[in-house]
Amino acid sequence: MNERKELMRQIKDEVLALKNSPLYKFRIENNYFPVIGEGSHFAKIMFIGEAPGRNEAQTGKPFCGAAGKILDELLESAHIKREEVYITNIIKDRPPQNRDPLPEEIKVYGPFLDRQINIIQPEIIATLGRYAMSYIMTKFNLASKLESIGKICGKVFEAETTYGSTKIIPLYHPCVAVYNPQTKDQLKSNFAIFKNL
Ligand code: URA
């Protein structure tokens, strides 16, 4: 097993046993899986969403429901193969009623995401939605550049990491595009950026 795979497996084991998580009981009661992430451990692009929904918690796979269909469409429009990128979320367990993540949940799961970033060392981190945008931009000392997602979606920010420099691109959450064709168009034109990078 390669080192990255082994480090990811450790994360999975730790999340599985995460009894101190506010979402642990809900997972066990519903026979849900935690959703760690999916894709290449050597990906150049890492997509970070918010939290698993029901489909994701039932399968253990990120973005496999309605929002996932949109994400697949967007990836295809940018000629990116899903298996070439890495897709994950900040929160690894499904919150009840798909509600927004709570600060204490971000505190519990954030360090796992931090470790995943260090394992994969992506050249581009694309955040999906405002929670991932805010977490990642704050983590990489870009908090002063934070604005509403409508203002900064599709902008490319340079950040320094422990493994070198990376680009951070905030994007709308594909879920918003399920019912809003305008956001879908915006997302499509934002995804075109990947073709140039
Ligand atoms: N929404 C997310 O943010 N992540 C998923 O995995 C699915 C829906």
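Above this text you will find the structure in question.
For every chain, the first residue of the written sequence is number 1, and numbering continues from 1 onward in sequence order. Note on the predicted model: pLDDT of at least 70 is required for a residue's local features to be given, and 80 or more for side-chain atom pairs to be given and counted; whole-chain, interface and lining totals, by contrast, use all residues. Note that the side-chain values use all heavy atoms of the structure and ignore hydrogens as well as water.

Moving on, we get to unusual backbone geometry. A positive phi is found at His 79, a non-glycine position, where the angle reads about 55°. To qualify as a helix, a DSSP run of H or I must reach at least 4 residues; to qualify as a strand, a run of E must reach at least 2; elements of each kind are numbered from the N terminus. Its location among the elements puts His 79 in the loop between α4 (66-77) and β3 (86-89). Of note, Asn 98 is a non-glycine position whose phi angle comes to about 55°, a positive value. Considering the arrangement of structural elements, one finds Asn 98 in the loop between β3 and α5 (103-120).

To obtain each axis, a line is fitted to C-alpha atoms, and for helices this fit is confined to the stretch in contact; angles are then taken between N-to-C directions over 0 to 180 degrees. Two elements in contact, α4 and helix α9 (residues 181-191), have axes separated by 9 Å at closest approach and are oriented at 40°. Here α9 runs oblique to α4, going by the angle between their axes. Once α4 is placed against α9, the crossing between them reads as right-handed. Each of Ile 70, Leu 71, Glu 73, Leu 74, Leu 75 and Ser 77 in α4 lies in contact with α9, whose residues at this interface are Lys 184, Leu 187, Lys 188 and Phe 191. Ten residues, namely Ala, Val, Leu, Ile, Met, Phe, Trp, Tyr, Cys and Pro, are considered nonpolar, four, namely Asp, Glu, Lys and Arg, are considered charged, and the remaining ones, Gly among them, are considered polar. Looking at the contact of α4 with α9 residue by residue, the class counts come to six nonpolar, one polar and three charged. By definition in this entry, angles of less than 35 degrees are roughly parallel, angles greater than 145 are roughly antiparallel, angles of 65 to 115 are roughly perpendicular, and the rest are oblique. Handedness of a crossing is defined here by the sense of rotation of the near helix relative to the far one, left-handed for an anticlockwise turn of less than a right angle and right-handed for a clockwise turn. Between two residues, a contact is recorded if the distance between any of their heavy atoms is within 4.5 Å.

What follows is about the layout of surface pockets. Here the largest pocket is characterised by a volume of approximately 590 Å³. If you go around the largest pocket, you meet 26 residues; those closest to its centre are Ala 51, Ala 67, Asn 98, His 173 and Cys 175. Counting only elements with at least two residues in the lining of the largest pocket, the list comes to α3 (54-59), α4, α6 (130-139) and α8 (174-179). Here the element with the most residues in the lining of the largest pocket is α8; it accounts for four residues. Residues belonging to the lining of the largest pocket are distributed by class as follows: 13 nonpolar, seven polar and six charged. Any residue with an atom within 4 Å of a point lines the site, the site being either a cavity, points on a 1 Å grid over the protein atoms alone where a 1.4 Å probe fits but cannot get out, or a pocket, an open set with protein on both sides within 12 Å along at least 5 of 7 lines. Grid points are joined across faces, edges and corners, and a volume is the space filled by probe spheres set on the points. Taken as a whole, the second largest pocket encloses approximately 320 Å³ of empty space. Taken together, 18 residues make up the lining of the second largest pocket; nearest its centre are Lys 12, Ile 36, Gly 37, Glu 38 and Gly 60. Looking at the lining of the second largest pocket, the element that brings in the most residues is helix α1 (residues 3-16), giving five residues. Of the residues belonging to the lining of the second largest pocket, the class tally is eight nonpolar, five polar and five charged.

Once that is clear, we can look at the packing of aromatic side chains. Under the pairing criterion, centres of Phe, Tyr and Trp rings, with the six-membered ring standing for Trp, must be within 6.5 Å; the plane angle then separates stacked pairs below 30 degrees from edge-to-face pairs above 60, leaving the rest tilted. Using the criterion set out here, one finds four aromatic pairs in the structure. Relative to Phe 194, the ring of Phe 47 lies with its centre 5.6 Å away and its plane at 65°, an arrangement referred to as edge-to-face. Taken together, the residues span a long stretch of sequence, with Phe 47 in strand β2 (residues 45-49) and Phe 194 in helix α10 (residues 193-196) at a distance of 147 residues. Residue class for Phe 47 comes out buried when judged on its relative accessible area of 0%. An angle of 70° between the planes, with centres 5.2 Å apart, marks the rings of Phe 191 and Phe 194 as edge-to-face. Only protein chains enter the accessibility calculation, which uses a 1.4 Å probe; a residue is then buried when its area is under 20% of its type maximum, exposed when over 50%, and partly exposed in between. Relative accessible area serves as the criterion here: at 0%, Phe 191 is assigned to the buried category. Taking relative accessible area as the criterion, Phe 194 reaches 8% and is therefore assigned buried.

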